[in-house]
Amino acid sequence: MVLSENGVQPREFPTNRGGLCQKGWTSDQLLTTPSRLTSPLLHGKPVTWGTALDFVVDRIERIQRNYGRDGVAVFGGGGLTNEKAYALGKFARVVLRTSQIDYNGRFCMSSAAAAGNRAFGVDRGLPFPVMDLDDADMVLLVGANPAETMPPFMQHLRSGLIVVDPRRTATAEQATLHLQPALGTDLALALGILHAVVADGHLDQDYVKARTTGFDEMWRIVAAWWPERAERVTGIAATDQRAVARMLANARNAYVLTARGTEQHANGTNAVNAWINLALALGLPGRKGSGFGCLTGQGNGQGGREHGQKADQLPGYRKIDDPDARAYVAGVWGVDPQSIPGPGRSAYELLDSLGQPHGPRGLLVFGSNPVVSAPRAAHVTDRLKALDLLVVADFVPSETAQLADVVLPVTQWAEEEGTLTNLEGRVLHRRLALRPPPGVWTDLEVLHGLADRLGVDKGFPVSAEEVFDELALASAGGIADYSGVSYSRLRAGEALYWPVPEAGHPGTPRMFLDSFAFPDGRARFVAVEHTGPAERPDAEFPLWATTGRVLAHYQSGAQTRLVPDLLDATPESFVEVHPDTAGRAGVADGELATVSSRRGAVRARVKCVSSLRPDVVFLPFHFPGVNKVTNPALDPTSRMPEFKVCAVRLDPWEDS
Ligand SMILES: Nc1nc2c(c(=O)[nH]1)N[C@H]1C(S)=C(S)[C@@H](COP(=O)(O)OP(=O)(O)OC[C@H]3O[C@@H](n4cnc5c(=O)[nH]c(N)nc54)[C@H](O)[C@@H]3O)O[C@H]1N2
Ligand SMILES: Nc1nc2c(c(=O)[nH]1)N[C@H]1C(S)=C(S)[C@@H](COP(=O)(O)OP(=O)(O)OC[C@H]3O[C@@H](n4cnc5c(=O)[nH]c(N)nc54)[C@H](O)[C@@H]3O)O[C@H]1N2
Ligand SMILES: [Mo]
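Predicted, not measured: the structure shown is a model, and the values here were computed from it.

**Describing the overall build of the protein chain**
Right, so step 1: Along its length, the protein chain carries 22 helices and 29 strands.
Right, so step 2: What you see for the protein chain is a C-alpha radius of gyration of 24 Å, in line with the 26 Å of a compact globule of 656 residues.
Right, so step 3: For the C-alpha atoms alone, the extent of the protein chain along its principal axes is close to 70 × 65 × 55 Å.
Right, so step 4: Put simply, the protein chain has 656 residues, and 63% of those count as buried.
Right, so step 5: Of the contacts formed within the protein chain by residues at least 6 apart in sequence, a portion of 72% connects residues at least 24 apart.
Right, so step 6: Summing over all exposed atoms, the protein chain offers an accessible surface of approximately 23200 Å²; the carbon and sulfur share of this is 50%.
Right, so step 7: Measuring between centres, the 65 positive side-chain charges of the protein chain sit 2 Å from its 74 negative side-chain charges.

**A closer look at the sheet that holds strand β19 (residues 426-430)**
Right, so step 1: On the basis of which strands lie adjacent, the open sheet formed by 3 strands has the order β18-β19-β20 and antiparallel pairing. The open sheet has two edge strands with one neighbour each: β18 (418-421) and β20 (496-497).
Right, so step 2: Judged from the 4 bridges that link them, β18 and β19 form a sheet pairing that is antiparallel. Within the sheet, the bridge partner assigned to Leu-420 lies in β19 and is Leu-428.
Right, so step 3: Its contacts with the sheet put helix α3 (residues 82-96) on β18 and β19, and the angle it makes with β18 is roughly 95°.

**Side note on the packing of aromatic side chains**
Right, so step 1: Taken as a whole and assessed by the stated rule, the structure comprises 13 aromatic pairs.
Right, so step 2: With 4.9 Å between their ring centres and 55° between their planes, Phe-128 and Tyr-255 make a pair best called tilted. Taken together, the positions of Phe-128 in the loop between α4 (110-120) and β7 (138-142) and Tyr-255 in strand β11 (residues 254-258) put the pair 127 residues apart, joining distant regions of the chain.
Right, so step 3: Judged by its relative accessible area of 5%, Phe-128 is buried.
Right, so step 4: Taking relative accessible area as the criterion, Tyr-255 reaches 0% and is therefore assigned buried.

**Digging into the domain arrangement of the protein chain**
Size of an interface, as often reported, equals the accessible area lost when the parts are brought together.
Right, so step 1: You can read the domains of the protein chain as domain 1 (52-107 + 302-491), domain 2 (110-295) and domain 3 (543-652).
Right, so step 2: The distance between the C-alpha centroids of domain 1 and domain 3 comes to 30 Å.
Right, so step 3: On the domain 3 side, the residues contacting the 17 residues of domain 1 number 20 residues.
Right, so step 4: At the junction of domain 1 and domain 3, the tally comes to 2 salt bridges.
Right, so step 5: Our count for the contact surface shared by domain 1 and domain 3 stands at 9 residue pairs in polar contact (both at pLDDT 80 or more).
Right, so step 6: Taken together, the elements giving at least two residues each to the side of domain 1 that touches domain 3 come down to α15 (347-353), α16 (370-373) and α17 (377-385).

**Topic: the site of ligand 1**
Right, so step 1: In the vicinity of ligand 1 there are 32 residues, among which Asp-165, Asp-186, Arg-549, His-553 and Gln-555 approach most closely.
Right, so step 2: Contact distances for ligand 1 include 2.8 Å between an oxygen atom and a side-chain N or O atom of Arg-167.
Right, so step 3: Here an oxygen atom of ligand 1 and a backbone polar atom of Gln-555 are 2.6 Å apart.
Right, so step 4: Surface burial for ligand 1 is 98%, taken as the share of its 910 Å² of free accessible area covered by protein chains.
Right, so step 5: Among the secondary structure elements, those contributing two or more residues to the shell around ligand 1 are α5 (146-149), α12 (260-263) and β22 (543-548).
Right, so step 6: Here the shell around ligand 1 spans two domains, since at least three of its residues come from each of domain 2 (110-295) and domain 3 (543-652).

**Structural notes on the site of ligand 2**
Right, so step 1: For ligand 2, the set of nearby residues contains 30 residues, the closest of which are Asn-104, Ser-368, Ser-373, Asp-394 and Ser-556.
Right, so step 2: In this structure, Asn-369 approaches ligand 2 through a main-chain N or O atom, which is 2.8 Å from an oxygen atom.
Right, so step 3: Separating a nitrogen atom of ligand 2 from a side-chain N or O atom of Arg-549 is a distance of 3.1 Å.
Right, so step 4: Protein contact buries 96% of the 920 Å² of open area that ligand 2 shows by itself.

**Structural notes on empty space enclosed by the protein**
Right, so step 1: Going through the model one piece at a time under the given rule, you end up with 5 cavities of 30 Å³ or more.
Right, so step 2: For the largest cavity, the calculated volume is near 110 Å³.
Right, so step 3: Mapped onto the lining of the largest cavity, the elements with two or more residues apiece are α4 and β12 (291-294).
Right, so step 4: In terms of residue class, the lining of the largest cavity is made up of 10 nonpolar, 3 polar and 2 charged.
Right, so step 5: Quantified by volume, the second largest cavity comes out at close to 90 Å³.
Right, so step 6: Lining the second largest cavity are 16 residues; nearest its centre among them are Pro-127, Phe-128, Gly-286, Arg-287 and Ser-290.
Right, so step 7: Broken down by class, the residue content of the lining of the second largest cavity amounts to 8 nonpolar, 4 polar and 4 charged.

**Notes on the UniProt feature "domain: Molybdopterin oxidoreductase" (unreviewed entry) in the protein chain**
Right, so step 1: The sites that UniProt annotates as "domain: Molybdopterin oxidoreductase" (unreviewed entry) are residues 36-452.
Right, so step 2: Overall, residues 36-452 shows 39% helix and 15% strand. The separation of its end C-alpha atoms is 27 Å.

**Considerations on the state of the cysteines**
Right, so step 1: All chains considered together, the criterion is met by 0 disulfides.
Right, so step 2: Here Cys-294 stays unpaired: no disulfide links it, and the sulfur of Cys-108, its closest cysteine neighbor, is 8.4 Å away.

**Brief notes about the layout of surface pockets**
Right, so step 1: Put simply, the second largest pocket is a space of about 330 Å³.
Right, so step 2: Residue lining of the second largest pocket: 17 residues in total, with Asn-117, Lys-310, Asp-312, Tyr-317 and Lys-319 positioned closest to the centre.
Right, so step 3: For the lining of the second largest pocket, the secondary structure elements donating two or more residues are α4 and β14 (318-319).
Right, so step 4: Ranked by residues supplied to the lining of the second largest pocket, first place goes to α4 with 5 residues.
Right, so step 5: Of the residues in the lining of the second largest pocket, the class split is 5 nonpolar, 5 polar and 7 charged.
Right, so step 6: Taken domain by domain, the lining of the second largest pocket gets at least three of its residues from each of domain 1 (52-107 + 302-491) and domain 2 (110-295).

**Comments concerning the pattern of salt bridges**
Right, so step 1: Taken as a whole and assessed by the stated rule, the structure comprises 31 salt bridges.
Right, so step 2: Between Arg-639 and Glu-349 there is a salt bridge whose closest N-O contact spans 2.8 Å. You can see Arg-639 sitting in the loop between β27 (631-634) and β28 (641-642) and its partner Glu-349 sitting in helix α15, a full 290 residues away along the chain.
Right, so step 3: By relative accessible area, which is 27% here, Arg-639 ends up partly exposed.
Right, so step 4: For Glu-417, the salt bridge is made with Arg-491, and the minimal N-O distance between the two is 2.9 Å. In this pair, Glu-417 sits in the loop between β17 (406-409) and β18 while Arg-491 sits in helix α20 (residues 487-491), placing the two residues 74 residues apart along the sequence.
Right, so step 5: Within this structure, Glu-535, Asp-538, Arg-598 and Arg-599 form a network of salt bridges that share partners.

What counts as what
- Within any chain, residue numbers begin from 1 and follow the written order of that chain's sequence.
- To read the labels, note that chains go from A and ligands from 1, taken in the order they are written.
- Given that the model is predicted, a residue must reach a pLDDT of at least 70 before its local features are reported, and side-chain atom pairs must reach 80 or more before they are shown or counted; all residues, however, enter totals for whole chains, interfaces and linings.
- Water and hydrogen atoms play no part in the side-chain values, which are based on all heavy atoms of the structure.
- Per the convention used, a helix needs a DSSP run of H or I reaching at least four residues, while a strand needs a run of E reaching at least two, with both numbered from the N terminus.
- Radius of gyration means the value over C-alpha atoms here, while the globule rule gives 2.2 Å times the residue count to the 0.38 power.
- Under the scheme applied here, a residue whose accessible area is under 20% of the maximum for its type counts as buried, over 50% as exposed, and between as partly exposed, the area being computed with a 1.4 Å probe on protein chains only.
- When checking whether two residues touch, look at their non-hydrogen atoms; a contact exists if any pair is within 4.5 Å.
- The method behind every accessible area is Shrake-Rupley, applied with a 1.4 Å probe, and residues are considered shielded solely by the protein chains displayed.
- Only four residue types enter the tally: Lys and Arg on the positive side, Asp and Glu on the negative side, with His and both chain ends excluded.
- Here the site of a charge means atom NZ of a Lys, CZ of an Arg, CG of an Asp or CD of a Glu.
- Pairing between strands requires that DSSP locate at least two bridges from one strand to the other.
- The axes used here are C-alpha line fits, helices contributing only the stretch in contact, and every angle between their N-to-C directions lies in the interval 0 to 180 degrees.
- Here a Phe, Tyr or Trp ring, Trp counted by its six-membered ring, pairs with any other such ring whose centre lies within 6.5 Å, and the pair is stacked when the planes are under 30 degrees apart, edge-to-face when over 60, and tilted otherwise.
- An automatic or database domain assignment is the source of the domain bounds shown.
- Within this document, salt bridges are pairs made up of a side-chain nitrogen of Lys or Arg and a carboxyl oxygen of Asp or Glu, the two lying within 4 Å of each other.
- We define a polar contact as two N or O atoms separated by no more than 3.5 Å, with the added condition that, inside protein, one atom must be a possible hydrogen donor and the other a possible acceptor, whereas residues neighbouring each other in sequence contribute only through side-chain atom pairs.
- Here, proximity means that at least one heavy atom of the residue falls within 4 Å of the molecule or strand.
- Cavities and pockets are found on a 1 Å grid laid over the protein atoms alone: a cavity is a set of points where a 1.4 Å probe fits but cannot escape, a pocket is an open set with protein on both sides within 12 Å along at least five of seven lines, and a lining residue has an atom within 4 Å of such a point.
- Grid points are joined across faces, edges and corners, and a volume is the space filled by probe spheres set on the points.
- When residue character is reported, Ala, Val, Leu, Ile, Met, Phe, Trp, Tyr, Cys and Pro are called nonpolar, Asp, Glu, Lys and Arg charged, and the others, Gly included, polar.
- UniProt positions are given in the numbering used here, feature names are shortened, and annotations may be inferred rather than shown by experiment.
- We call a pair of cysteine sulfur atoms a disulfide when they lie within 2.5 Å.

Pasting the structure below:
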């Protein structure tokens with residue numbers, strides 16, 4: 001995007017072909033919102049930067065003296081630039097020396113990341129350029145609604161399209177075939193389709209033999225999932241499952257793509273592996289013109305999970321418990337490897353532990369609004385309130401900032417330089433386009449100021465380019481290797497897809513063409529069994545609820561609820577309900593209802609949708625309170641919460 005006097009104009013770029021969604025068109029309204037934070041706040045009162053930072057540092061030192069290094073925690077975001085994500089991870093490990101850091105990406109793509117690591121040995125959302133999809137003749141899209149969540153992406157889906165979504169979304173409207181499974185049964189559906197691939201003679205045996213391992217072990221489970229059995233669990237007709245197998249097998253160029261609908265489950269990692277197994281059986285990954293991919297979400301969803309703001313991670317997508325990785329990164333940082341803490345708690349576990357006897361007493365938040373976006377939000381809010389110190393860096397007064405002892409006003413996207421890595425693993429350079437309002441600092445300046453006051457006067461430069469150069473060095477030899485990327489190459493307009501392991505390297509637009517990222521070069525079938533959602537409806541909570549997004553709002557809504565045009569489009573929480581279900585609950589279209597679960601309740605306006613499954617209600621999570629109902633059951637591998645399924649009841653709203 002470029003800014004001009006007429007607002008935001010789309011720039012010609014292959015991923016969005018000059019298209020821009022409604023949020024993009026109105027994002028300049030956010031730059032000038034009257035709610036913009038322009039002064040540090042201490043307990044709600046404007047103070048100077050010096051006063052605010054001195055207060056923060058004094059509290060951090062006091063907490064760490066009394067409770068140890070892990071007494072202070074950090075929570076980051078996938079919207080942060082690569083440079084900020086890197087600096088934040090380094091700040092936690094080198095300055096605070098706390099293990100307690102994680103970020104909202106844990107809520108976002110962590111299951112797909114874990115599944116990709118298990119199957120391919122590496123996690124890059126799309127291991128091919130998005131333009132490759134233009135030549136596809138069949139795409140299977142699972143749990144994704146890009147017509148609302150990534151409108152510019154839709155132009156790459158001109159092929160045959162099969163959509164798996166319990167709702168008839170705007171995306172599903174455009175599909176050749178739409179399958180509406182019961183919530184949380186994707187894994188069983190993938191097993192049924194995979195069974196049909198093998199039983200009906202579509203298995204790519206040469207590919208399986210040459211490029212994979214683990215088929216036999218996987219088949220021991222899938223053999224028992226004939227499509228009629230999968231039909232009983234998912235509600236998808238066996239004939240449709242066989243049709244999907246046939247459509248994908250007969251396509252010249254086919255892709256399988258997943259997003260949050262299949263991932264945000266207590267078995268999301270296994271579910272994604274089941275879809276990868278299907279793609280492997282058809283011989284798609286690592287073959288030019290076909291593949292498996294996962295759609296990222298936030299502005300820097302991909303880069304945000306590579307540079308070390310994750311609890312178990314060091315820059316370059318390295319593991320923090322790997323002695324070689326620790327030694328290398330310690331060398332770059334100029335610290336003793338022993339001083340780098342070990343792995344910390346995952347996002348929800350971290351939020352859940354705040355202010356508890358063994359949990360952190362202080363928290364620094366950069367780029368997230370967990371009061372709205374974390375599962376079991378009322379409990380998370382209580383934990384935040386129990387802290388001795390809550391610091392939030394933001395440019396709007398988010399619900400989390402409103403609870404903070406100290407609010408630090410920072411620049412937003414157009415007001416700073418930095419890089420992002422998009423869903424294809426391509427590193428994009430963003431120029432500074434606007435001067436920030438006076439009184440506002442960049443996140444890098446905040447980290448520099450805090451580090452300096454905490455006795456670390458080197459290693460936290462405020463120049464994004466300097467941070468990037470260090471990030472590139474720290475990533476050298478790692479999985480996400482940026483060592484050959486530089487601002488000068490990016491400014492010159494080079495299209496660089498990681499890994500870019502040396503200065504002259506052209507980058508890697510297509511991965512896996514020769515081998516997968518394991519020593520034997522082979523992809524892994526992962527033997528996974530269907531288990532289903534952690535919580536099921538019963539007499540008290542008889543309905544399934546799922547949550548997700550609508551076109552007009554972004555995430556926790558902290559930004560988009562401030563933009564009048566967007567608020568007009570979608571002004572309040574609503575719940576989509578099948579008309580029969582609404583009738584049984586005694587609520588009518590346009591009326592207010594209470595949606596409650598075992599954890600809490602939210603008020604929402606009823607929107608009757610006759611294409612919805614009668615057993616499912618849908619709530620967009622962009623408004624405070626929706627996450628009071630969601631279930632923090634975590635995937636055992638990725639620690640991703642089950643945002644996409646919980647048991648609820650629907651009642652008429654009663655003003656009390
Ligand atoms: N307008 C808008 N765009 C956004 C965002 C936003 O907040 N607003 N956020 C961005 C971010 S961070 C992300 S992560 C992406 C997310 O992008 P998407 O993954 O496309 O968005 P969601 O709406 O969370 O979920 C997609 C679909 O999953 C379906 N679903 C629910 N349960 C299941 C299930 O059990 N199985 C299957 N197969 N599907 C299920 C829902 O009905 C929903 O239509 O969007 C990005 N783009
Ligand atoms: N029920 C339910 N809950 C969900 C989901 C769901 O599908 N259903 N999806 C989950 C997903 S996929 C995601 S990604 C999360 C997102 O949820 P959040 O992590 O809450 O994301 P945002 O609303 O984007 O919050 C980002 C905050 O950081 C600020 N910010 C933005 N950029 C910067 C920056 O550069 N620096 C600083 N300091 N601040 C910045 C914004 O103004 C905003 O207040 O929600 C998760 N929660
Ligand atoms: Mo996300």
